[in-house]
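# Summary of the model geometry
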Amino acid sequence: MNEHFMKRAIELAYLGSGFINPDPLSGAVLVKDNIVLGESCYRTFGAASAELEVLSYGLCDLSGAELYLNIEPFGNKAKLTELIRVIKDRKIEKIYIGIEDRNPRKEIHFIEELKHLGISCELGILKDECEEMNEIYSHYIVNKTPYVIVKWAMTLDGKLATKTGDSKWISSEESLRFVHHLRQRVSAILVGENTVRKDDPLLTTRLEGVQISNPIRIIISKYGDIPMEAKVLQVDESTKTWIIASELISKEREESICNLGARILKLKEKNGHIDFNKVMDLLGRLGIDSVYIEGGSAVLGSAFESGCVHKVYTAIAPKIVGGNKAVTPVGGNGIERMNDAIVLKRLSYEIVGPDVIIKGYIY
Ligand SMILES: Nc1nc(O)c(N)c(N[C@@H]2O[C@H](COP(=O)(O)O)[C@@H](O)[C@H]2O)n1
């Protein structure tokens, strides 16, 4: 039964995806005598917490009730003190918490405070699910650099496109929908200028029947060498674009891109390249907690070589295109010995339509 209510808290928490970054996804379920009395989740950045909201429902007697939270409540001292006061006043008997808040600067240790008050607390129900849903928060709050997720779709023979560069579409409609759920979760989506030139992608989130939030579109383009009519340069309130360029970008290019509403972020070149770790440091400083890299091959090569990738998704479509010139997913210099290969950890597989989606972690 405990897992059942925690599952519901997780489900609710996911409704905040894309709307509350860099705060954690949090859901709350209030239960008494195995009956759900209230449910809430954190869906708007800066709004009241899910826990406080669920406890303020109605005037019914909550003594002996239990509260299910996917993550330890976060926030400043005043907010948490108020929450603890309400929990005590309303005589909540037990609190089940999925995972602790990893914030190294937290002002109140919520679980310890409750224990001092004699309120029972159980930590670790559905821990793995709770960890995964808040992996972005848990990373960013400690490191202040974005959590980096990469994804590519490839054919069964490991190609990103045919030898002519044709890549639409490798994966199925079902896989594409899966991708849009990933886009919804993150603060930024990143591709290289070659992908913009070849695919002219929109890089927005498109999901039917769901309120969507578009990630900021980030394009790595040293000299802003992308067509002015590219879809990613058509910017409005809901579709922001940032170009990461070299400080050597020409004044004219910079002006034309900025006139379209995109923002240019300039970094020093190192050996003719923009250092990926510097990109991540900069984005972290700008409050970007998560970056989802969709390619192409050169950008994925740099991302892996820089060591900044945390999580990988690969959609493998049951198609074979052949050709030595057909590009493969991860470019760059590559390694010499198989023993030095990056080996993904905590692997899982999912059949999505006709494709297989592999998920794994670098760390
Ligand atoms: N999941 C997936 N399946 C394929 O078959 C693909 N070719 C890609 N490519 C990526 O999706 C981008 C297109 O984005 P929009 O739909 O225009 O927003 C493309 O540029 C690749 O990054 N992905």
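Reading the values: rules and limits
- Residues numbered from 1 in each chain as written.
- Predicted model: local features only at pLDDT ≥ 70, side-chain atom pairs only at ≥ 80, totals over all residues.
- Heavy atoms only, no water.
- Phe/Tyr/Trp six-rings, centres within 6.5 Å; stacked < 30°, edge-to-face > 60°.
- Helix = DSSP H or I, 4+ residues; strand = E, 2+ residues; numbered from the N terminus.
- Buried < 20%, exposed > 50% of the residue type's maximum accessible area, 1.4 Å probe, protein only.
- Core = buried A, V, L, I, M, F, W, Y, C linked by side-chain atoms within 4.5 Å.
- Contact = heavy atoms within 4.5 Å.

A few words now on the packing of aromatic side chains. One pass over the structure, following the stated rule, counts five aromatic pairs. Summarising the aromatic geometry, the rings of Phe5 and Tyr68 are spaced 5.3 Å apart at their centres and angled 50° between planes, so their arrangement reads as tilted. With Phe5 in helix α1 (residues 2-14) and Tyr68 in strand β3 (residues 66-71), this pair connects stretches of sequence that are 63 residues apart. For the pair shown, Phe5 and Tyr68 are each scored as buried. Centre to centre, the rings of Tyr68 and Tyr96 are 4.6 Å apart; their planes meet at 10°, and the pair counts as stacked. Within this pair, whereas Tyr68 is found in strand β3, its partner Tyr96 is found in strand β4 (residues 94-99), the two being separated by 28 residues in sequence. Each member of the pair, Tyr68 as well as Tyr96, is classed as buried. An aromatic cluster is defined as three or more aromatic residues linked by ring pairs; in this entry it consists of Phe5, Tyr68 and Tyr96.

Right, let's get into the nonpolar core. If you look at the biggest cluster of nonpolar residues, it comprises 32 residues, and the most contacted ones within it are Val150, Leu190, Ile244, Phe276, Met280, Leu283 and Ile293. Tallying contributions element by element places helix α10 (residues 276-285) first for this core, with five residues. Once you skip the residues sitting within four places of it in the chain, Ile293 turns out to touch Val148, Ile149, Val150, Lys151, Leu190, Phe276, Val299, Leu300 and Ala303. Counting residues in hydrophobic clusters, the runner-up holds 31 residues, among them Leu182, Ile226, Ala245 and Tyr313.

So yeah, pure geometry; function would need other evidence.
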